[in-house]
Amino acid sequence: MPLVQMGNIYYFIYIIIAILLTILAVTFLKNKSQTFRKWFIFGLIMVGFSIHFLKIFIWPYTTVDAILTKVSFENICAVSTLVFPFLYFTKNKTLKDYMVMVGMASGIITFIFPVDAMSEYFNGEIIGLRSAFNLEVMRFYFAHFLLFLSPFLMMRYQMHELSIHRAYRAPIMLILVLVLIFVNELVMTLLNWVPKEDLYDPTKRNPSFIFGVRGDLTGLGLFLGIFVPFFMRIHPLTGASFYWPVIWLIIPAIVYGGMMVLIFMFVYDTQETKLFFSKILGVRPKEESEVEIHK
């Protein structure tokens, strides 16, 4: 059975397809009006929104009893899919920043680390590996590709501008989204849609790692754990191994989220970002130095 595995041919097939589709979309929109581009991108967002709900009709979602749990705010990408249709039209620059950066980053990270396409886990249960061309695997890739493509095209055609002066807000937004995911899990549990014994268990339902490191992600868990204080991995009353829900992710979110934000700023707000760090480091921008020499 063909499987998606890190670095194998199927892994790269999906990456190549995504690159080709991105080039095709940019070529298609090249000579179109800005109004056409605006509604075309919104159409892509709504396709992703629709796929999020239509997935309940395919395996393995058909095995889930409380199917509404799978279309709720159960992870970062699900939150993005559900709120992007509204954020697209918002005038709030902070929310738009989040949409652009988290959307693009989520899409790129998914293709670099296609965890769900390679995992034996689904909804906290082991269901076995899925074929590289299983319908759910293809849906997984396409849905996350749309999360990337929509904000990428927004930036490509200057429908939004990032600013280094708002950069600190994005990691805060990410943490708030993780809190939303945690609240979503509490609600699902209170409604008895999720077994109470699964709550806080990182080997069961553990969306976006809010309850700790999942069994099949030890390597990534170690990567995140570098910035997690030891006491945040211990139950304060029993002393047993226990990740403090969401709280354990705050420092990694700030560190890794901040690093990704800086990359975006250097790409999309280059001059202001260089000037910002020049002032912090006490270094004169090159242009000012040249003016002094000419004087």
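Throughout what follows, the structure given in this document is the object of discussion. Remember, predicted model here, so these are calculated numbers, not experimental data.

**Here we look at helix α6 (residues 135-156)**
Then step 1. A rise of 1.5 Å per residue sets the reference length of α6, with its 22 residues, at 32 Å; its end C-alpha atoms lie 31 Å apart and thus fit the reference within 8%.
Then step 2. The buried fraction of α6 is high, at 18 of 22 residues.
Then step 3. The distance from a side-chain oxygen at the start of α6 to the backbone nitrogen of Glu-136 is 2.7 Å, and the residue carrying that oxygen is Asn-134.

**Points about the packing of helix α4 (residues 93-112) against α6**
Packed helix pairs are specified by the crossing angle of their axes together with the interaxial distance, meaning the distance between the axes.
Then step 1. Two elements in contact, α4 and α6, have axes whose closest approach is 8 Å; the angle formed by their N-to-C orientations is 140°. As summarised for this structure, α4 and α6 are arranged oblique, according to the angle between their axes. Of the two elements, α4 crosses α6, and the hand of that crossing is left-handed. Within the contact between the two elements, α4 uses Lys-96, Met-99, Val-100, Gly-103, Met-104, Gly-107, Ile-108, Thr-110 and Phe-111 and α6 uses Phe-140, Tyr-141, His-144, Phe-145, Leu-147, Phe-148, Pro-151, Phe-152, Met-154 and Met-155.
Then step 2. Taken together, the residues of the contact of α4 with α6 sort by class into 14 nonpolar, 4 polar and 1 charged.

**Quick word on the packing of aromatic side chains**
The relative placement of two aromatic rings is captured by the distance of their centres and the angle of their planes.
Then step 1. Per the counting criterion, the structure on display carries 28 aromatic pairs.
Then step 2. Joined through ring pairs, the aromatic side chains of Tyr-10, Tyr-14, Phe-111, Phe-133, Phe-140 and Tyr-141 make up one cluster.
Then step 3. For Lys-32, the ring lying beneath its charged end belongs to Phe-28, and the centroid distance is 4.3 Å.
Then step 4. For the cation-ring pair, Lys-32 lies above Phe-36, with the distance from its terminal atom to the ring centre recorded as 5.7 Å.

**Some points on the layout of surface pockets**
Then step 1. Looking at the second largest pocket, its volume works out to about 360 Å³.
Then step 2. Lining the second largest pocket are 16 residues, and of these Tyr-88, Thr-90, Lys-96, Met-159 and His-160 lie nearest its centre.
Then step 3. Listing elements by their share of the lining of the second largest pocket, those giving two or more residues are α2 (34-54) and α4.
Then step 4. For the lining of the second largest pocket, the per-class residue count stands at 5 nonpolar, 5 polar and 6 charged.

**Focus on the side chain of Glu-136**
Then step 1. By secondary structure assignment, the location of Glu-136 is in helix α6.
Then step 2. Ignoring anything within four residues of it in the chain, the contact list for Glu-136 reads Ile-58, Trp-59, Pro-60, Tyr-61 and Arg-130.

**A short note on unusual backbone geometry**
Then step 1. For the bond from Trp-59 to Pro-60, the omega torsion is 10°, close enough to zero to count as cis.
Then step 2. Relative to the elements of secondary structure, Pro-60 occurs in the loop between α2 and α3 (76-87).
Then step 3. Look at Asn-192: it is not a glycine, yet its phi comes out positive at around 65°.
Then step 4. Assignment of secondary structure puts Asn-192 in the loop between α7 (169-190) and α8 (218-225).
Then step 5. Of note in this structure, Phe-209 is not a glycine but carries a positive phi near 60°.
Then step 6. Secondary-structure assignment places Phe-209 in the loop between α7 and α8.

**Digging into the nonpolar core**
Then step 1. In terms of nonpolar packing, the biggest core is built from 45 residues, with Val-4, Tyr-141, Leu-149 and Leu-153 touching the most fellow members.
Then step 2. Elements that contribute at least two residues to this core include exactly α1 (9-29), α2, α3, α4, α6 and α9 (250-268).
Then step 3. In terms of residues, this core owes the most to one element, α6, which gives 13 residues.
Then step 4. Non-local contacts of Val-4, meaning those with residues more than four positions away in its chain, are made with Tyr-10, Tyr-11, Tyr-14, Pro-114, Ala-117, Met-118, Ala-132, Val-137 and Tyr-141.
Then step 5. Ile-181, Ile-210, Val-246 and Leu-249 belong to the second-largest nonpolar core, a separate cluster that totals 23 residues.

**Brief notes about the pattern of salt bridges**
Then step 1. Under the definition given, this model contains 5 salt bridges.
Then step 2. Here Lys-70 makes a salt bridge to Glu-74, at a shortest N to O gap of 3.1 Å.
Then step 3. Note on Lys-70: relative accessible area 6%, which makes it buried.
Then step 4. The structure contains a network of salt bridges with shared partners spanning Lys-70, Glu-74, Glu-185 and Arg-205.

The rules behind the values
Residues numbered from 1 in each chain as written. Predicted model: local features only at pLDDT ≥ 70, side-chain atom pairs only at ≥ 80, totals over all residues. Heavy atoms only, no water. Helix = DSSP H or I, 4+ residues; strand = E, 2+ residues; numbered from the N terminus. Expected span 1.5 Å × (residues − 1). Buried < 20%, exposed > 50% of the residue type's maximum accessible area, 1.4 Å probe, protein only. Polar contact = N/O pair within 3.5 Å; in protein donor to acceptor, adjacent residues only side chain to side chain. Axes fitted to C-alpha atoms, helices over the stretch in contact; angles between N-to-C directions. Parallel < 35°, antiparallel > 145°, perpendicular 65-115°, else oblique. Left-handed = near helix turned anticlockwise from the far one by under 90°. Contact = heavy atoms within 4.5 Å. Nonpolar A, V, L, I, M, F, W, Y, C, P; charged D, E, K, R; others polar. Phe/Tyr/Trp six-rings, centres within 6.5 Å; stacked < 30°, edge-to-face > 60°. Lys NZ or Arg CZ within 6 Å of the ring centre and 35° of its normal. 1 Å grid on protein atoms, 1.4 Å probe; cavity = no way out; pocket = protein on both sides within 12 Å on 5 of 7 lines; lining within 4 Å. Points joined across faces, edges and corners; volume = space filled by probe spheres on them. Core = buried A, V, L, I, M, F, W, Y, C linked by side-chain atoms within 4.5 Å. Salt bridge = Lys/Arg side-chain N within 4 Å of Asp/Glu carboxyl O.

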